[in-house]
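Spelled out, the chains give:
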Amino acid sequence: MTVEITVVEDYEPCLDLRRAVFIGEQGINEADEWDDLDEQSTHLLATLHGEPVGTARVYREGDVGRIGRICVAETQRRAGLGAALVEASLDQLRQMPGLRAAKLSAQVQAQGFYTKFGFETTGSIYDDAGIPHRDMVLGF
């Protein structure tokens, strides 16, 4: 069976994955993980055999679409699921009228991954929840 990525209204499984990966594995403080953007975002959930294995969220910020909170369960890493989530996120953003670009905040160690999709780095490296990040942009 293959992984299925769908838009979900009930995004609690997405939050559970983020809790496991960002808070549990990466040690991010809960206060840094949770924000009011979840309520305005479109949430993508990847499932395998009905079990949640990955998530991402997208939302509009003016004429730019934002991709964020991409994470994959430890058991499914290095199998292409992260790439599938980025592609699905981009597909969602391309359906939103009037967007000129997609933007994300990449952990510095993951910049190379995002360049494969055409994202380019912008600005300087900054700290986000104790992890070095850099903004990346992909024009539409």
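Caption draft 1: The pattern of salt bridges, seen in detail. Counting across every chain of the model gives 11 salt bridges. Close ionic contact of Arg77 with Glu25 constitutes a salt bridge, the shortest N to O distance being 2.8 Å. Here Arg77, found in the loop between β4 (64–72) and α3 (81–94), pairs with Glu25, found in helix α1 (residues 12–25); they are 52 residues apart in sequence, far enough to count as distant. Overall, the relative accessible area of 33% leaves Arg77 in the partly exposed class. Look at Glu25 and you get partly exposed, because its relative accessible area is 40%.

Caption draft 2: View of the nonpolar core. Core analysis: the biggest nonpolar cluster contains 36 residues, and Ile67, Tyr114 and Phe119 have the highest contact counts within it. The set of elements that each furnish at least two residues to this core consists of α1, β2 (42–48), β3 (51–61), β4, α3, β5 (101–107) and β7 (131–139). By residue number, the principal contributor to this core is α3, which donates 6 residues. When neighbours within four sequence positions are excluded, Tyr114 is seen to be in contact with Ile70, Val86, Leu104, Ala106, Phe119 and Met136.

Caption draft 3: Spatial organisation of the side chain of His43. Structurally, His43 is set in strand β2. For His43, a relative accessible area of 2% corresponds to the buried category. There is a polar contact of 2.9 Å between the side chain of His43 and the backbone oxygen of Asp38. His43 has contacts with Thr6, Val7, Val8, Tyr11, Cys14, Arg18, Asp38, Ala56 and Arg57, leaving out every residue within four places of it along the chain.

Caption draft 4: Region of the structure containing the environment of Ser124. Examined against the element boundaries, Ser124 turns out to sit in strand β6 (residues 120–128). For Ser124, a relative accessible area of 58% corresponds to the exposed category. Placed 10 residues apart in sequence, Ser124 and Arg134 show a C-alpha to C-alpha distance of 6.3 Å. If we skip the residues at most four places from it in the chain, Ser124 touches His133 and Arg134.

Cut-offs and rules
- Residues numbered from 1 in each chain as written.
- Predicted model: local features only at pLDDT ≥ 70, side-chain atom pairs only at ≥ 80, totals over all residues.
- Heavy atoms only, no water.
- Salt bridge = Lys/Arg side-chain N within 4 Å of Asp/Glu carboxyl O.
- Helix = DSSP H or I, 4+ residues; strand = E, 2+ residues; numbered from the N terminus.
- Buried < 20%, exposed > 50% of the residue type's maximum accessible area, 1.4 Å probe, protein only.
- Core = buried A, V, L, I, M, F, W, Y, C linked by side-chain atoms within 4.5 Å.
- Contact = heavy atoms within 4.5 Å.
- Polar contact = N/O pair within 3.5 Å; in protein donor to acceptor, adjacent residues only side chain to side chain.

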